[in-house]
Amino acid sequence: MNDLKTALQARLRAISWSANRKTLVPSEQPPLEQLWHLISNGQFEEVLRLVDPNTKAFHGHKALGLAHMGLGNFAEALQQFNQAVFAIIREEAGIYLNQASVFKSMKAYDQALECAQKCIEISEDWYPGYLMKIAILENRDSKGDQEQVSEILKRIKSDHPEFFSDTEFLSYLENDIDYSRLRTRENFDIQINQSTGEEQL
């Protein structure tokens, strides 16, 4: 029985990690040391050739910005530096999201909510913070928590209707274990379908 419990706990940790790892920036090539060597030696065209223009990492955008600046492409440089700032903000929000997940797992719900709220405040147009806050409230399930969840969904519908067009966002709400109780409430389908523009049959 203990072995089964241990295996189940390990599986739940793995499931949790599969969500948390989405906040990690994949390792990119070339290595930073190579990039800085090229920039220091004025090999800006080589930097532009090597760095993926669709990079998600702040150091990638920074390297592209420095290369464009070195070549006198100032508009492109500013665009890349802006993207670098955005990437840093998203990274910080991701760290608070991970902290919230840890506190949720520890059932330290007040601290978890604080971290989820910081994630939202830092990156308001990123849905994971809202989903995490809903998950924490659903797990705590104290008096007034259901009302807070409804308010969060209303806020998303009002301020970020684009979330409901994101299949990953909807997949979490419709399939993830953290939202299983939410799915049993009478108004869940109504809220989701109204937000996506669908009609109830």
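These lines cover the structure that appears in this document, whether it is placed above or below.

Cut-offs used in this document
Residues numbered from 1 in each chain as written. Predicted model: local features only at pLDDT ≥ 70, side-chain atom pairs only at ≥ 80, totals over all residues. Heavy atoms only, no water. Helix = DSSP H or I, 4+ residues; strand = E, 2+ residues; numbered from the N terminus. Expected span 1.5 Å × (residues − 1). Buried < 20%, exposed > 50% of the residue type's maximum accessible area, 1.4 Å probe, protein only. Arc of directions from axis to C-beta. Disulfide = S-S within 2.5 Å.

### Describing helix α6 (residues 109–122)
- The terminal C-alpha atoms of α6 lie 20 Å apart, and with 14 residues this matches the ideal 20 Å at 1.5 Å per residue to within 8%.
- Along α6, the positions that sit buried rather than exposed are Y109, A112, L113, C115, A116, C119 and I120. The buried residues of α6 occupy an angular sector of 165° when the element is viewed end-on, so they sit on one face. Exposed residues on α6 whose side chains face more than 90 degrees from its buried face are D110, E114 and E121.

### Observations concerning the state of the cysteines
- Inspection of every chain in the model, using the stated rule, returns zero disulfides.
- Unpaired in this structure, C115 has its nearest cysteine sulfur neighbour in C119, at a distance of 9.5 Å.
- Note on C119: relative accessible area 0%, which makes it buried.

### Examining helix α8 (residues 145–159)
- The terminal C-alpha atoms of α8 lie 21 Å apart, and with 15 residues this matches the ideal 21 Å at 1.5 Å per residue to within 8%.
- When we look at burial in α8, the residues that qualify are D145, V149, S150, I152, L153 and I156. Buried residues of α8, viewed axially, fall in a sector of 160°; they line one side. Exposed residues lying more than 90 degrees from the buried face of α8 are E147 and S158.

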